[in-house]
Amino acid sequence: MKFVDFAQIVRPECHGAPDFIIERAVRDSAIDFCKRTGVYIPEPEEVSVIRGINEYEVSIPSGTELNYITDVFANNLKLQPVSYPRLLEMVGDGTTQGAPSFYSQRDNAAFFVAPIPDTTDTLRVLYSLKPSPTSSSIPDTVGRENREAIAQGAIYRLQMMPGQAFTNPSAASNNKMLFEREVGRALRQVKYGFSGGSLKVRYRQFI
């Protein structure tokens, strides 16, 4: 779903807003929504583990950024998340190796496991994504399911812009409240399960 497709929902409340400004506001709203809710979840990825290496990356589609790692599985074992300082403490001087039981992130570029692997294996990684600042679309399964929320986030951003024909701080406050309410709804969905179709999406190219 292209961000410009949201214009028909946004424009009635932001008369006079150019399409390129609407697209930017929708993109910012979608990034914020996905970042805070973790609702954009692709198919799990299998990551090959190499003996002696504890830093790994997942492959993400063009036009997206890694939000955070949701779960990591080694066969039927679910690795436990820990803070990065705690993981460094577990790794120590790097001489102790074993089957990974813990994972952590330092940033949104990679994840680390501990102990340092002592053999070749495969991890199954579940993670969430967010659109990149240069993306122009979001998967239909995410965009359509959360169309009103993303539109409300864009509308309040536009209405808060000073000195514009569509500036309306009072209406912006109401739309921000509606956006925050939808963020809470999506958080509950992600945590407790979806009542409709899964929002997991397969990779596709973004521009």
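Residues numbered from 1 in each chain as written. Predicted model: local features only at pLDDT ≥ 70, side-chain atom pairs only at ≥ 80, totals over all residues. Heavy atoms only, no water.

**Some remarks on the nonpolar core**
Phase 1 of the analysis: Ranked by internal contacts, the top residues of the largest apolar core, which has 46 residues, are V10 and V125.
Phase 2 of the analysis: Of all the secondary structure elements, the ones that give two or more residues to this core are α1 (7-10), α2 (19-37), β2 (45-49), β4 (64-74), β9 (111-114), β11 (121-131), α5 (147-159) and α6 (169-192).
Phase 3 of the analysis: For V125, the residues in contact, after removing those within four places along its chain, are P44, E45, V47, V58, I69, D71, V72 and F111.
Phase 4 of the analysis: Counting residues in each nonpolar core, the second largest holds six residues, with L87, V91, A114 and I116 among its members. (Core = buried A, V, L, I, M, F, W, Y, C linked by side-chain atoms within 4.5 Å. Buried < 20%, exposed > 50% of the residue type's maximum accessible area, 1.4 Å probe, protein only. Helix = DSSP H or I, 4+ residues; strand = E, 2+ residues; numbered from the N terminus. Contact = heavy atoms within 4.5 Å.)

**What to know about unusual backbone geometry**
Phase 1 of the analysis: Of note, the bond from A114 into P115 is cis; its omega dihedral lies within 30 degrees of zero at -5°.
Phase 2 of the analysis: With respect to the helices and strands, P115 occurs in the loop between β9 and β10 (116-117).
Phase 3 of the analysis: Unlike most non-glycine residues, N75 shows phi in positive territory, near 60°.
Phase 4 of the analysis: Looking at where N75 falls in the secondary structure, it is placed in the loop between β4 and β5 (77-78).
Phase 5 of the analysis: For N75, a relative accessible area of 55% corresponds to the exposed category.

**As for the sheet that holds strand β6 (residues 80-81)**
Phase 1 of the analysis: The strand order β3-β9-β8-β6 describes an open sheet built from four strands, whose pairing is mixed. The two strands at the open ends of the sheet, each matched to only one other strand, are β3 (55-56) and β6.
Phase 2 of the analysis: Across the sheet, helix α3 (residues 84-91) lies against β8 (102-104) and β9, angled at about 40° from β9, the strand it touches most. (Pairing = 2+ DSSP bridges. Axes fitted to C-alpha atoms, helices over the stretch in contact; angles between N-to-C directions.)

**Description of the confidence of the model for the chain**
Phase 1 of the analysis: When pLDDT is averaged across the chain, the result is 91; 93% of the residues are at 70 or more.
Phase 2 of the analysis: The low-confidence segment residues 203-207, where pLDDT is below 50, has 23 contacts with residues more than four positions distant or belonging to other chains. (pLDDT = per-residue confidence, 0-100.)

**Considerations on the packing of α2 against α5**
Phase 1 of the analysis: Where α2 meets α5, the closest approach of the two axes is 8 Å, and the angle between their N-to-C directions is 120°. The orientation of α2 with respect to α5, classified from their angle, is oblique. The chirality of how α2 crosses α5 is right-handed. Across the interface between the two elements, I21, I22, A25, V26, D28, S29, A30, D32 and F33 of α2 pack against A149, I150, G153, A154, R157 and L158 of α5. (Parallel < 35°, antiparallel > 145°, perpendicular 65-115°, else oblique. Left-handed = near helix turned anticlockwise from the far one by under 90°.)

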